[in-house]
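# Remarks on the overall topology
The chain contents come next:
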Number of protein chains: 2
Amino acid sequence: MAKDNKIEAFKCCPIDYGFKRIGGKYKGRILYYLYEAKVLRYGELSRAVADITTKMLTQSLKELEADGLINREMFPVVPPKVEYSITDRGRKLIPFIKELMEWSLEQMKTENISPIFFSKPQSQ
Amino acid sequence: MAKDNKIEAFKCCPIDYGFKRIGGKYKGRILYYLYEAKVLRYGELSRAVADITTKMLTQSLKELEADGLINREMFPVVPPKVEYSITDRGRKLIPFIKELMEWSLEQMKTENISPIFFSKPQSQ
DNA sequence: CAGAATCCCGAAGGATACTG
DNA sequence: CAGTATCCTTCGGGATTCTG
């Protein structure tokens, strides 16, 4: 698997390691929405991350679960019901995501960009 | 440029906005090395980010500069000399990067992975 | 020394249709 | 409802060569 003598920074460099797990186009938002809402079903997530396709949502959720950042609970009912929630491990990333958000909001203000959160507030 | 009615989250969603600017394979490390070393020349950066190509280094530096995260100072001498440093705006991202690093180091410990920082410590 | 210029590839992601 | 399965496109990034 390891390409011979190639350095694979994402395996040993802590910065790369982190970005590999939280990077990607949607993982940050998924984690944050789960943090906000406590628990979300597949369909709810699909609506929260407004512009995501089922392929990317499923794939992102699988990777996040494999990395121990979220939990997946399946209920054997008809129609199917699956609930996702953030783990303690995943929750530890929230301060980092919040910090990035704060920074972004600050920068966006200087560019006169109005922020839009794609999450649907669960209490409003 | 904007594809009609397509939602472009990275323009208005603060999470995406941030990841767009700090994401990519090397930007996090570049910023962090510049933060540590205060100022680095092109060649020094090239050695610090051990596995980067000139193409990606140049490209990353340009984008970081365009986003106001780093400074580029050129000295009209022969041979050429160019120094890069982090801006105040870029420095604000450091706590966020550090937090990610902490998290990564913690996870890597549970996986028995020894972290390797590709930066060359400037005082050692 | 500090890049620029090409050519190229693989993986990330998109669109669409289908299923238990 | 909660996904699979395919096919297709884009583009981030790699390798190499060249230049002021």
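Computed from a predicted structure; not experimentally measured. (Residues numbered from 1 in each chain as written. Chains lettered and ligands numbered in written order. Predicted model: local features only at pLDDT ≥ 70, side-chain atom pairs only at ≥ 80, totals over all residues. Heavy atoms only, no water.)

### Some points on the protein's contact with DNA strand C
Lys25(A), Lys55(A), Arg41(B), Arg72(B) and Tyr84(B) are the nearest of the 20 residues found near DNA strand C. Between Tyr84(B) and DNA strand C, the recorded distance is 2.7 Å, taken from a side-chain N or O atom to a phosphate oxygen. Listed by contribution, the elements that provide at least two residues to the surface near DNA strand C are helix 5 (54-66) of chain A together with helix 4 (42-48), helix 5 (54-66) and strand 3 (81-86) of chain B. The element best represented in the surface near DNA strand C is helix 5 of chain B, accounting for four residues. Considered class by class, the residues forming the surface near DNA strand C number eight nonpolar, four polar and eight charged. (Near = heavy atom within 4 Å. Polar contact = N/O pair within 3.5 Å; in protein donor to acceptor, adjacent residues only side chain to side chain. Helix = DSSP H or I, 4+ residues; strand = E, 2+ residues; numbered from the N terminus. Nonpolar A, V, L, I, M, F, W, Y, C, P; charged D, E, K, R; others polar.)

### Some points on the packing of aromatic side chains
Residues and elements named next belong to chain A. Scanning the entire structure with this criterion turns up six aromatic pairs over all chains. Between Tyr-32 and Tyr-35, the aromatic rings sit 5.7 Å apart at their centres with planes inclined by 45 degrees, giving tilted as the arrangement. Taken together, the residues span about one helical turn, with Tyr-32 and Tyr-35 both in helix 3 (residues 27-37) at a distance of three residues. Relative accessible area serves as the criterion here: at 24%, Tyr-35 is assigned to the partly exposed category. Residue placement shows Arg-21 over the ring face of Tyr-17; its charged tip is 3.7 Å from the ring centre. Over the ring of Phe-75 we find Lys-81; its NZ or CZ atom is 5.0 Å from the centre of that ring. (Phe/Tyr/Trp six-rings, centres within 6.5 Å; stacked < 30°, edge-to-face > 60°. Buried < 20%, exposed > 50% of the residue type's maximum accessible area, 1.4 Å probe, protein only. Lys NZ or Arg CZ within 6 Å of the ring centre and 35° of its normal.)

### Here we look at the sheet that holds strand 3 (residues 81-86) of chain A
Residues and elements named next belong to chain A. Pairing in this open sheet of three strands is antiparallel, and the strands run 1-3-2 from one edge to the other. Among the strands making up the open sheet, the edge pair consists of strand 1 (39-41) and strand 2 (70-75). Strand-to-strand twist of the sheet, defined as the mean angle between neighbouring strand axes without regard to direction, takes the value 25 degrees. Inspection of the sheet shows strand 1 paired to strand 3 by three bridges, in the antiparallel sense. (Pairing = 2+ DSSP bridges. Axes fitted to C-alpha atoms, helices over the stretch in contact; angles between N-to-C directions.)

### So, the protein's contact with DNA strand D
Close to DNA strand D lie 20 residues; Arg41(A), Arg72(A), Tyr84(A), Tyr26(B) and Lys55(B) are nearest. Backbone sugar and phosphate groups make up 64% of those atoms of DNA strand D lying within 4 Å of the protein. Between DNA strand D and Gly43(A) there is a distance of 3.0 Å, counted from a phosphate oxygen to a backbone nitrogen or oxygen. Among the elements of the structure, helix 4 (42-48), helix 5 and strand 3 of chain A together with helix 5 of chain B are those that each provide at least two residues to the surface near DNA strand D. The leading source of residues in the surface near DNA strand D is helix 5 of chain A, at four residues. Among the residues forming the surface near DNA strand D, the class breakdown is eight nonpolar, four polar and eight charged.

### Observations concerning the sheet that holds strand 2 (residues 70-75) of chain B
All names here are of chain B. Spatially, 1-3-2 is the arrangement adopted by the three strands of the open sheet, whose pairing is antiparallel. Strands at the two margins of the open sheet, each flanked by one partner only, are strand 1 (39-41) and strand 2. On average, each strand axis in the sheet is inclined to that of its neighbour by 25 degrees, with strand direction left out of account. Direction of pairing for strand 2 relative to strand 3: antiparallel, over a ladder of six bridges. Looking across to strand 3, one finds that Ile-70 is bridged to Ile-86.

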